[in-house]
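So you can see what is in the structure, the chains are spelled out below.
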Amino acid sequence: MLKKECSLKFSCTLETSSERIRLVNVISPLIKAGYQLVSQKQESSEKGGNLIYVIARSQSAKTQADLIDDLSFIEGCTLVNLEIDEDESSSAAPAKKVLDEKSVLSAIGAYYPKIADIVSQYEASLPSDRRMAALHELGRKVGGGIYQRDYSLGSPLKMPTTINRELVPALKGFSKVKAKNNVIYLIKCPFCNPSDHSHSGCHFVVGYIEGFLANNPAVGVVQVEETNCGANSTNICEFTIE
Ligand SMILES: [Zn+2]
């Protein structure tokens, strides 16, 4: 039984060792490990931690042993209950479930700026015709959120100062960055390389730059385009802001 590989649906309860270890700390590693959440709930435990109830399913084939490994790997938690839904195994195989943007955003919040894996998992979970638009939209939300979080205090900087003083430092969380006037180069862009032929991963960066600048009240409407993609060649991706 432990060797059978299939898509698993399970419900589990984890108890965290302190109240500071919360739902997000549990679900983010699960999303990262490729599980799709069905429902999640948090309650305070009698021992001063939290009880986290999760129902989820694996997106790829996993054995029960893999699942137990993944659950045991979550820091600061003890697995107190696990039930695996046997019936799911045969029926759930065909359709790969789309990750939901909300859970992706909360995983991004927990791991920022090391988010390339999460972004590419989201990308891979989507049907190919939706990837570009969804990654663009996700990028806009993340870039906008980072501007709000880190740069919205004080008087807003105009173009092109905001590029060098704010946008470039923000993008440096992902890779080495160079900027020349309105052109930005991501050297070893972590989003482009693993992306599919439609370069949907690059659209995360396009969206990020747009969202970041759109949240700056001193910047008017801008359009961003990836003018050169380095995936599978130089690995330097070029983004132009117009
Ligand atoms: Zn690219």
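We now turn to the structure provided with this report. Just so it is clear, the model here is predicted, and its values are computed rather than measured.

**Digging into the pattern of salt bridges**
Item 1. Counted under the stated rule, the structure contains seven salt bridges.
Item 2. Residues Lys 41 and Glu 43 are paired through a salt bridge, measuring 3.9 Å at the closest nitrogen-oxygen approach.
Item 3. Given the relative accessible area of 46%, Lys 41 is considered partly exposed.
Item 4. In this structure, Asp 150 engages Arg 149 in a salt bridge whose closest nitrogen and oxygen atoms are separated by 2.8 Å.
Item 5. Exposure remark for Arg 149: the relative accessible area of 55% places this residue in the exposed category.

**Here's the deal with the layout of surface pockets**
Item 1. Space inside the largest pocket adds up to approximately 300 Å³.
Item 2. Ile 21, Val 24, Asn 25, Ser 28, Pro 29, Ala 33, Asp 70, Phe 73, Ile 74, Glu 75, Ala 110 and Tyr 111 are the residues that line the largest pocket.
Item 3. Taken together, the elements giving at least two residues each to the lining of the largest pocket come down to α1 (23-32) and α4 (101-111).
Item 4. Top contributing element to the lining of the largest pocket by residue count: α1, with four residues.
Item 5. Classifying every residue of the lining of the largest pocket gives eight nonpolar, two polar and two charged.

**What to know about the coordination of the zinc ion**
Item 1. Ligation of the zinc ion by protein atoms is provided by Cys 192 (SG), Cys 202 (SG), Glu 226 (OE) and Cys 229 (SG), these donors lying 2.1 to 2.4 Å from the ion.
Item 2. Its four donor atoms give the zinc ion angles of 83 to 137 degrees at the centre, a pattern that matches the irregular case.
Item 3. Sequence spacing among the residues donating to the zinc ion works out to C-x9-C-x23-E-x2-C.
Item 4. Taking the relative accessible area as the measure of exposure, Cys 229 reaches 19% and is therefore buried.

Cut-offs and rules
Residues numbered from 1 in each chain as written. Predicted model: local features only at pLDDT ≥ 70, side-chain atom pairs only at ≥ 80, totals over all residues. Heavy atoms only, no water. Salt bridge = Lys/Arg side-chain N within 4 Å of Asp/Glu carboxyl O. Buried < 20%, exposed > 50% of the residue type's maximum accessible area, 1.4 Å probe, protein only. 1 Å grid on protein atoms, 1.4 Å probe; cavity = no way out; pocket = protein on both sides within 12 Å on 5 of 7 lines; lining within 4 Å. Points joined across faces, edges and corners; volume = space filled by probe spheres on them. Helix = DSSP H or I, 4+ residues; strand = E, 2+ residues; numbered from the N terminus. Nonpolar A, V, L, I, M, F, W, Y, C, P; charged D, E, K, R; others polar. Donors = N, O, S within 2.8 Å, 3.2 Å for Na, K, Ca; no water. Tetrahedral: all angles 85-135°; square planar, octahedral: opposite > 155°, others 65-115°.

The analysis is restricted to geometry; functional conclusions fall outside its scope.
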